[in-house]
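Analysis of the macromolecular model
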Amino acid sequence: MAENIYELKDVSYSWVDGRPALDGVSLAIPSGKRVAIIGANGSGKSTLLTLLDGLAFAKAGSLTAFGAALDAKALGRPDLQRAFRRRVGYVFQNSDAQLFCPTIREDLEFGPLQLDVAEGEVARRVEAISRRLGLGDLLERPPHELSVGEKKKAALASTFTLETEVLLLDEPTAGIDPQTMRDLVDLLQEAHAGGRTIVFATHDLHLVEELADEVHVFGRDHRLARSGTPEEILTDHAFLLAQNLVHIHVHRHAHGVHQHEHGHAIAPVKKVPARRKKGKRG
Ligand SMILES: Nc1ncnc2c1ncn2[C@@H]1O[C@H](COP(=O)(O)OP(=O)(O)OP(=O)(O)O)[C@@H](O)[C@H]1O
Ligand SMILES: [Mg+2]
């Protein structure tokens with residue numbers, strides 16, 4: 001059986017004292033798996049990834065990474081901090097938190113140079129990922145000039161240049177166009193084939209269906225509501241509706257309005273009773 005990269009036992013966290021962001025969470029992230037984290041806004045997905053990246057530490061319970069405690073004491077040691085950063089890369093939900101150099105090229109070079117990757121190798125990685133994600137002339141531009149989707153592409157590229165064995169991705173497809181989405185999925189599938197471990201938080205259930213081996217669903221109470229395979233989770237309409245993960249989609253047609261659940265592709269569409277639109281278009 002694969003070893004676990006991360007193990008969480010009863011982990012709780014609050015950003016503001018007294019207001020939980022994660023409450024009593026126990027789960028494991030096995031080596032080499034693609035693990036999706038889903039849940040309503042504010043349920044704790046980004047908080048979980050922040051803890052997995054060692055940017056904040058569990059306030060209760062225990063969290064281990066690579067078999068050792070991931071806590072302030074461990075990451076306070078420069079040698080352990082460095083070893084951890086060589087192994088784990090993180091794409092922030094907010095790209096502005098990740099891009100801070102005068103140009104995107106420098107942002108892509110920054111991480112690997114910090115980790116003492118040789119300059120020639122850094123240049124090779126930047127060139128390769130820029131080609132794969134179609135960054136083109138974005139490389140020479142300052143991050144603040146870029147569109148939201150362009151920033152996300154650049155942020156993804158800056159994490160890929162680290163070539164870490166674990167990839168933590170917070171809303172990796174938010175704001176990116178369909179071609180970039182394909183390029184990203186291909187990159188992640190290759191990373192998986194190469195044995196890397198991928199943890200991603202998303203509202204994109206298509207991505208969960210296409211990519212995930214395992215899914216963890218966080219509830220609005222900041223607890224783990226359910227874990228399972230994509231098939232188990234994505235075919236349970238009642239559960240998805242209760243967790244705010246699908247909505248009733250209303251279509252307007254010349255003859256009136258009909259509605260159905262909307263959210264993803266695995267499960268057959270479940271019809272809900274039609275609602276005739278009042279007025280002249282009805
Ligand atoms: N920096 C912060 N300071 C204070 N509270 C925070 C901070 N970051 C998150 N929170 C709170 O912690 C809880 C979990 O937030 P988190 O960002 O982890 O949710 P999320 O599931 O990632 O949501 P989203 O789908 O909107 O990205 C929320 O109640 C949120 O308001
Ligand atoms: Mg989030």
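Residues numbered from 1 in each chain as written. Chains lettered and ligands numbered in written order. Predicted model: local features only at pLDDT ≥ 70, side-chain atom pairs only at ≥ 80, totals over all residues. Heavy atoms only, no water.

Concerning the coordination of the magnesium ion (ligand 2)
Here the magnesium ion (ligand 2) is held by the protein donor atoms S46 (OG) and Q93 (OE1), which lie 2.0 to 2.1 Å from it. Of this pair, S46 sits in helix α1 (residues 45–52) while Q93 sits in the loop between β6 (88–91) and α4 (104–114), placing them 47 residues apart in sequence. The class of Q93 is partly exposed, set by a relative accessible area of 43%. (Donors = N, O, S within 2.8 Å, 3.2 Å for Na, K, Ca; no water. Helix = DSSP H or I, 4+ residues; strand = E, 2+ residues; numbered from the N terminus. Buried < 20%, exposed > 50% of the residue type's maximum accessible area, 1.4 Å probe, protein only.)

Examining the sheet that holds strand β3 (residues 34–39)
By way of backbone hydrogen bonds, the strands of a sheet pair with one another, either parallel or antiparallel. Reading across the sheet, the six strands line up as β6-β7-β8-β3-β9-β10 and stay open at both edges, with mixed pairing between neighbours. Each end of this open sheet is capped by a strand with a single partner; those strands are β6 and β10 (224–228). Adjacent strand axes in the sheet meet at a mean angle of 15° when their direction is disregarded. Sheet topology note: the strand β7 (residues 166–170)/strand β8 (residues 197–201) ladder contains five bridges and is parallel. By the bridge assignment for β8, D170 is matched with A201. Each of β3, β6, β7, β8 and β9 (214–218) is contacted by α1, which is oriented at about 155° to β7, the strand it contacts most. On top of the sheet, helix α3 (residues 78–87) reaches β6 and β7; it is set at about 65° to β6, its chief contact. (Pairing = 2+ DSSP bridges. Axes fitted to C-alpha atoms, helices over the stretch in contact; angles between N-to-C directions. Contact = heavy atoms within 4.5 Å.)

Structural notes on the pattern of salt bridges
Following the criterion strictly, the structure yields 18 salt bridges and no others. Residues D213 and R34 are paired through a salt bridge, measuring 2.7 Å at the closest nitrogen-oxygen approach. Note that D213 is positioned in the loop between α8 (205–211) and β9 and R34 in strand β3, a separation of 179 residues in sequence. Judged by its relative accessible area of 23%, D213 falls in the partly exposed class. Note on R34: relative accessible area 13%, which makes it buried. For E127, the salt bridge identified is with R131, shortest N-O distance 3.5 Å. Taken together, the residues E127 and R131, both in helix α5 (residues 119–132) and four residues apart, mark about one turn of the helix. The network of salt bridges with common partners includes E121, R124, R125 and E163. (Salt bridge = Lys/Arg side-chain N within 4 Å of Asp/Glu carboxyl O.)

Let's talk about the confidence of the model for the protein
Summing up the model confidence of the protein, the mean pLDDT is 90 and the portion of residues at 70 or higher is 87%. Of the regions scoring below 50 in pLDDT, residues 268–282 engages in 23 contacts with residues more than four places distant in sequence or in other chains. (pLDDT = per-residue confidence, 0-100.)

With respect to the site of ligand 1
Around ligand 1, the surrounding shell holds 14 residues, and the nearest of these are G42, K45, S46, T47 and H203. Residue N41 places a side-chain N or O atom 3.0 Å away from an oxygen atom belonging to ligand 1. Calculation on ligand 1 without its partners gives an accessible area of 640 Å², and the protein chains cover 65% of this total. Of the residues contributing to the shell around ligand 1, the split by class is four nonpolar, nine polar and one charged. (Near = heavy atom within 4 Å. Polar contact = N/O pair within 3.5 Å; in protein donor to acceptor, adjacent residues only side chain to side chain. Areas by Shrake-Rupley, 256 points an atom, 1.4 Å probe, with all protein chains shown as cover. Nonpolar A, V, L, I, M, F, W, Y, C, P; charged D, E, K, R; others polar.)

Focus on the pairing of β8
Each regular strand shows side chains that alternate between the opposite faces of the sheet. Burial runs high along β8: five of the five residues are buried. Of the two faces of β8, the one lined by T197, V199 and A201 and the one lined by I198 and F200 are each fully buried. Sheet topology places β3 next to β8; four bridges connect them, and they run parallel. Its bridge partner lying in β8, A36 is registered against F200. Handedness of the crossover joining β7 and β8 through helix α7 (residues 178–193) is recorded here as right-handed. (Right-handed = clockwise from strand over helix to strand, strands pointing away.)

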